[in-house]
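Here is what each chain is made of, one letter per residue.
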Amino acid sequence: AAKSAGKGVALVFAPEMEARIQERVLLEGQLREALQDRQGLSVFYQPIVSIKTGQVTAREALVRWYHPVRGWIPPSEFVPVAEQSGLIDALGEFVLTTACRDAALWEDGARVAVNVSAAQLGRDLVAQHILSALVNSRLAPDRLEVEVTETALLDEGRDVIGDLRRIRALGVRVALDDFGTGFSSLAHLRLFPFDKIKIDGSFVKEATSRPDCAAIVRAVADLGRRLGVTTVAEGVETRAQYACVREEGCTEVQGYLIGRPAPNGEEDELEMVDSCQA
Ligand code: C2E
Ligand code: MG
Ligand code: MG
Ligand code: MG
């Protein structure tokens, strides 16, 4: 087959690569259908808690897909497919609409945090989706938070910062997600006035066993305090990690210790927080 491509152009796919491409095309088609039929896609929420007060300040919206054949597929598998196929705009709009509608009914007044991909930014589209989601749900803009990763800011071809400015001008907060895993993190803090820094779980995970990781957590917490910005420790799974990030000065925590992502209104009682406070 490679020979018949002619003119010296050889297209040779290893069988496993071909299988992977087929799998991806299949998944893309099924995701498109799921978005059209509003079937199988849902949004789970994970609480983010203030270390000082123990109150839930926000809940992160995390998209979930129950595939008709494969069951639950993690976002780490289908979000990239959505990003590369252009389906991310529709997926992002679905999450935004759902999150604002759900949060508008939360009695504790916690904010809702929605992840926005690099692929969604720089085309003035997200701000429009946000505006309609806010208008339709009547959620106050300051109860919505948008999470972007550092890699989103690296796309120099598009006006990502312009988009973030327009989003912030609506009164929506903007958080920097997975802080410390991208390149030139500090430059990003100068580029845009983020309201919140989320310290990546990889630092938190080892903060109790590695002094260098604890030092990094402390440095970011100090930085946040000086900038007047909330610092969230992501991925807190143990009491020891909780005690550590509190000691190092983080203001908020998120992780399985506090609560796992769950369907709207199905959050566990957060008793762990009270006992950690004591
Ligand atoms: P993220 O924004 O950093 O979200 C946090 C991830 O860490 C979530 O994984 C959450 O379930 C997980 N997590 C929370 N606490 C713990 C913990 O204590 N231990 C461990 N090991 N993990 C914890 P999830 O839901 O699988 O999402 C993975 C990533 O997929 C997210 O990372 C985000 O980048 C992306 N994602 C999820 N939902 C959306 C969405 O609606 N839109 C976009 N664009 N991306 C999304
Ligand atoms: Mg996030
Ligand atoms: Mg994160
Ligand atoms: Mg992440």
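In the annotation of an unreviewed UniProt entry, the entry for the chain reads EAL domain-containing protein, and the organism field reads Sphingomonas quercus.

**Some thoughts on the overall build of the chain**
Secondary structure assignment for the chain yields 11 helices and 10 strands. Taking 278 residues into account, the globule formula puts the C-alpha radius of gyration at 19 Å, and the chain, at 20 Å, falls close to it. Taking the principal axes of the C-alpha coordinates as reference, the chain spans close to 70 × 45 × 40 Å. By residue count, 47% of the 278 residues in the chain fall in the buried class. When contacts within the chain are restricted to residue pairs at least 6 apart in sequence, long-range pairs at least 24 apart make up 66% of them. On the chain, roughly 14,400 Å² of surface is accessible, and the fraction owed to carbon and sulfur atoms is 52%.

**Focus: the coordination of the magnesium ion (ligand 2)**
The magnesium ion (ligand 2) binds to the protein through Glu 60 (OE), Asn 115 (OD1), Glu 147 (OE) and Asp 177 (OD); the donor distances cover 2.0 to 2.2 Å. A separation of 3.9 Å is found between the magnesium ion (ligand 2) and the magnesium ion (ligand 3), which share Asp 177 as a coordinating residue. Taken together, the positions of Glu 60 in strand β2 (residues 56-67) and Glu 147 in strand β5 (residues 144-149) put the pair 87 residues apart, joining distant regions of the chain. Residue class for Glu 147 comes out buried when judged on its relative accessible area of 1%.

**A few points about the coordination of the magnesium ion (ligand 3)**
For the magnesium ion (ligand 3), the full set of protein donor atoms is Asp 177 (OD), Asp 178 (OD), Glu 234 (OE) and Glu 234 (OE), and the range of their distances to it is 2.0 to 2.7 Å. The class of Asp 178 is partly exposed, set by a relative accessible area of 24%.

**Describing the site of ligand 1**
Lining the immediate environment of ligand 1, one finds 21 residues, of which Asn 115, Ser 117, Asp 177, Glu 237 and Tyr 256 sit closest. Between ligand 1 and Val 63 there is a distance of 3.2 Å, counted from a nitrogen atom to a backbone nitrogen or oxygen. One nitrogen or oxygen atom from the side chain of Asn 115 is found 2.8 Å from an oxygen atom belonging to ligand 1. By residue class, the composition of the shell around ligand 1 is eight nonpolar, six polar and seven charged.

Conventions we followed
- Residues numbered from 1 in each chain as written.
- Chains lettered and ligands numbered in written order.
- Predicted model: local features only at pLDDT ≥ 70, side-chain atom pairs only at ≥ 80, totals over all residues.
- Heavy atoms only, no water.
- Helix = DSSP H or I, 4+ residues; strand = E, 2+ residues; numbered from the N terminus.
- Rg over C-alpha atoms; globule rule 2.2 N^0.38 Å.
- Buried < 20%, exposed > 50% of the residue type's maximum accessible area, 1.4 Å probe, protein only.
- Contact = heavy atoms within 4.5 Å.
- Areas by Shrake-Rupley, 256 points an atom, 1.4 Å probe, with all protein chains shown as cover.
- Donors = N, O, S within 2.8 Å, 3.2 Å for Na, K, Ca; no water.
- Near = heavy atom within 4 Å.
- Polar contact = N/O pair within 3.5 Å; in protein donor to acceptor, adjacent residues only side chain to side chain.
- Nonpolar A, V, L, I, M, F, W, Y, C, P; charged D, E, K, R; others polar.

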